[in-house]
2 protein chains.
Amino acid sequence: MKGQDIKNAGLKVTLPRLQVLEFFEKRPGEHFSADDLFTQIRSSSSDIGLATIYRVLNQFEAAGLLIKHQFDNGQSVYELDTGEHHDHMVDVDTGQVIEFFDKELEDLQIQLAKKYGYKLIDHNMVLYVQKEK
Amino acid sequence: MKGQDIKNAGLKVTLPRLQVLEFFEKRPGEHFSADDLFTQIRSSSSDIGLATIYRVLNQFEAAGLLIKHQFDNGQSVYELDTGEHHDHMVDVDTGQVIEFFDKELEDLQIQLAKKYGYKLIDHNMVLYVQKEK
DNA sequence: GTGGGTGCAAATAATTTGCACGGTA
DNA sequence: TACCGTGCAAATTATTTGCACCCAC
């Protein structure tokens, strides 16, 4: 059932938490900022607070339910963690976000870190692209 | 001479601008935040204002003298644009920034964008690493 | 019932902007 | 001298925190 993921994270199953989680589950592969969630959840129903959204997003990120990203525009955005790692391209004209995964790229990064005497912990990679004319 | 780059950018050669540019030129390959510059320039000499630092950094970035980066810690950092593109690794334990360049990685990104029907305009890639024990 | 959770408003942090004064070309 | 540039303080934007009330367990 719905609240199980929340319970597994050691959190009480409350209305705001359910609303945030369902919001992401209904829109797989999409990315939202705290303010997106605040505006949309509030308009469609309850009197949820922006501070609560931020708190819930942080808790869900810590619990591994959501992934946080910082594209080049000041605001952080979140997406559902499906367990399948991928990177992002951002269309500079439309702002559209495209997810992709490339094994060769992943391996290359691990090798690069090793080449400098390090172990790869995480990486952040965004390609800014434009549609070919 | 020193002020030429500033003049070429269509800006007047003023003390704060010279101070910021010289600060970077004396520390090649290093990265600084607006607040780093503010604290260090102010302590060593003049009564430069933080707002001026931000204005000068934005102008220098627009002029191509500096490159702006957003690592995963809220603050933006800047480095001198030497014309030689490179990416960064951040040591998660020490915060140290390591610059690197890998042709294979660059080519792979171009190919990936193309594979999805796009042209690569720019990219942002940071590897978060840890020293191998 | 109790301790965690919530909304609201106030607090922070990073950055930007308005304004009167000051310095460069 | 004309205007751009500057320092300071106030304004913005994104996010966090304090607090009294509320609700899931």
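Structure report, in brief. (Residues numbered from 1 in each chain as written. Chains lettered and ligands numbered in written order. Predicted model: local features only at pLDDT ≥ 70, side-chain atom pairs only at ≥ 80, totals over all residues. Heavy atoms only, no water.)

### Thoughts on the relation of the copies chain A and chain B
Superposition of the two copies of the chain requires a rotation about an axis together with a shift along that axis. Superposition record for chain A on chain B: RMSD 0.2 Å, screw rotation 180°, translation along axis 0.0 Å. On this basis, the relationship between the two copies can be described by a two-fold rotation axis. The C-alpha atom lying nearest the rotation axis in chain A is that of Met125(A); the distance is 2.1 Å. Here 100% of the contact residues of chain A are again contact residues in chain B; the copies associate through an equivalent surface. (Least-squares fit on C-alpha atoms with pLDDT ≥ 70 in both. Contact = heavy atoms within 4.5 Å.)

### A look at the pairing of strand β4 (residues 87-91) of chain A
Residues and elements named next belong to chain A. Burial within β4 is extensive, with five of its five residues counted as buried. One ladder, built from four bridges, connects β4 with strand β5 (residues 97-100); its direction is antiparallel. Within β5, the position partnered with Asp87 by the bridge is Phe100. Taking the residues that link successive antiparallel strands as the turn, the β4-β5 hairpin has five residues, and the phi of Gly95 there is positive, at about 80°. (Buried < 20%, exposed > 50% of the residue type's maximum accessible area, 1.4 Å probe, protein only. Helix = DSSP H or I, 4+ residues; strand = E, 2+ residues; numbered from the N terminus. Pairing = 2+ DSSP bridges.)

### Regarding the nonpolar core
The biggest cluster of nonpolar side chains holds 22 residues, and the ones touching the most others in it are Met89(A) and Met89(B). For this core, the secondary-structure elements that each account for two or more residues are β5, α5 (103-115) and β6 (118-131) of chain A together with β5 (97-100), α5 (103-115) and β6 (118-131) of chain B. Among all residues touching Met89(A), those that are not within four sequence positions of it are Gln96(A), Val97(A), Ile98(A), Phe100(A), Leu127(A), Val129(A), Leu112(B), Ala113(B), Tyr116(B) and Tyr118(B). (Core = buried A, V, L, I, M, F, W, Y, C linked by side-chain atoms within 4.5 Å.)

### Description of the interface of chain A and chain B
By a widely used convention, the size of an interface equals the accessible area lost when the partners come together. On the side of chain B, 35 residues touch chain A, which itself brings 35 residues to the contact. With both sides pooled, the region where chain A packs onto chain B buries about 3300 Å², and carbon together with sulfur makes up 61% of that total. It is Tyr118(A), Asn124(A) and Glu132(A) that lose the most area in chain A upon contact with chain B, and together they represent 20% of the buried surface on that side. Scanning the region where chain A abuts chain B turns up zero salt bridges. If you look at where chain A meets chain B, you find ten residue pairs in polar contact (both at pLDDT 80 or more). When residues in the side of chain A that touches chain B are grouped by element, the largest group, 14 residues, is from β6(A). By residue class, the composition of the side of chain A that touches chain B is 18 nonpolar, six polar and eleven charged. Alignment of β6(A) against β6(B), held across 13 bridges, turns out to be antiparallel. By the bridge assignment, Tyr128(A) is partnered in β6(B) with Asp122(B). (Buried area = accessible area lost by both parts, 1.4 Å probe. Salt bridge = Lys/Arg side-chain N within 4 Å of Asp/Glu carboxyl O. Polar contact = N/O pair within 3.5 Å; in protein donor to acceptor, adjacent residues only side chain to side chain. Nonpolar A, V, L, I, M, F, W, Y, C, P; charged D, E, K, R; others polar.)

### Thoughts on the protein's contact with DNA strand D
The environment of DNA strand D is formed by 21 residues, the closest being Tyr54(A), Thr14(B), Arg17(B), Ile48(B) and Thr52(B). A share of 74% of the atoms of DNA strand D within 4 Å of the protein falls on sugar and phosphate groups. Here a phosphate oxygen of DNA strand D and a side-chain polar atom of Thr14(B) are 2.5 Å apart. Secondary-structure elements contributing two or more residues to the surface near DNA strand D are α4 (50-62) of chain A together with α2 (15-25) and α4 (50-62) of chain B. Considering every element that reaches the surface near DNA strand D, the biggest residue donor is α4(A), with five residues. For the surface near DNA strand D, the per-class residue count stands at eight nonpolar, six polar and seven charged. (Near = heavy atom within 4 Å.)

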